[in-house]
Amino acid sequence: VEKVTETHARVGLEYLTGQTRIIGLTLGLAYEKAQSHCIQNCGERNTAYSLALAQSGSSASSASTQLYRSVLPAVQQITRPTEYEYGMIDFGINWHPITTEQWDPYVGLKLGLGLCIGDYECNVIKLSPRLGARYNLDPSWYLFSEIEYQTRVFSNRSAGFDILSGPVIGPAILFGAGWHL
């Protein structure tokens, strides 16, 4: 069992379509960094460990991968990787069912595609349903709060679409400011 702490940085655009402006198409860039801390059963694999395991060799039959898979679990509590980071591009859609002069609640769905940063050669796919609200400060500026329930899957970039981990699932709570163009 591990505790994971994440840091998120995002920038995004939303285009509200049609005259009713209740459907929004989104495009964004995201950076995420995760740090894992073992709580119990520390010999189990975590996501960072799975990424490091794949980095040792792209083929399951290679000698280095077999050695890594047999030796690392014994010393994992000392040497296990504890963090990973990635950047991605996000595409999404939002539905704004009720919009008042000050409040703009919405629900949406986002798909993210990205690459790990640093030592790991991996791809990331993320699917995130989200619920949020904007509070318009004036006609130009707004504050927002959003909760996403993220599902991420990591794959080995050098071995094609070789899944490295089970889905990494968890909520993300985001706060920010924006402006209307």
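Chains are numbered independently. Their residues run from 1 in the order of the written sequence. Residues qualify for local features only when their pLDDT is at least 70, as the model is predicted, and side-chain atom pairs are given and counted only at 80 or more; totals for whole chains, interfaces and linings, by contrast, use all residues. Side-chain descriptors were evaluated using all non-hydrogen atoms of the structure, hydrogens and water having been removed beforehand.

Caption draft 1: Here's a closer look at the environment of K3. Helix and strand definitions here come from DSSP, where helices need a minimum of 4 consecutive H or I residues and strands a minimum of 2 consecutive E residues; each element is numbered from the N-terminal end. Inspection of the secondary structure assignment puts K3 in strand β1 (residues 2-17). Along the backbone, K3 and H37 are 34 residues apart, and their C-alpha atoms lie at a distance of 5.1 Å. For K3, the contacting residues outside a window of four places in its chain are Q35, S36, H37 and I39. In what follows, residue pairs with any heavy atoms lying within 4.5 Å of each other are defined as contacts.

Caption draft 2: Layout of the pairing of strand β5 (residues 122-136). Where strand β4 (residues 103-117) and β5 come together, 13 bridges link them in antiparallel fashion. Residue L109 lies in a different strand from β5, and its bridge partner there is P129. Should DSSP find at least two bridges between two strands, the strands are regarded as paired. Hairpin geometry of β4 and β5 is characterised by an intervening segment of four residues between the two adjacent antiparallel strands and by a positive phi of about 100 degrees at G118. Of the pairings in the sheet, the one linking β5 to strand β6 (residues 141-156) comprises 13 bridges and is antiparallel in character.

Caption draft 3: Layout of the pattern of salt bridges. What counts as a salt bridge is simple: a side-chain nitrogen of Lys or Arg found within 4 Å of a carboxyl oxygen of Asp or Glu. The full count for this structure, using the stated rule, is 10 salt bridges. A salt bridge links E14 to R134, with the shortest nitrogen-to-oxygen separation between them at 2.3 Å. Here the residue E14 occupies a position in strand β1, and R134 occupies one in strand β5, the gap between them amounting to 120 residues. Beyond isolated ion pairs, a larger network of salt bridges with shared partners links E6, R10, E32, D90, K110, K126, E148 and R152.

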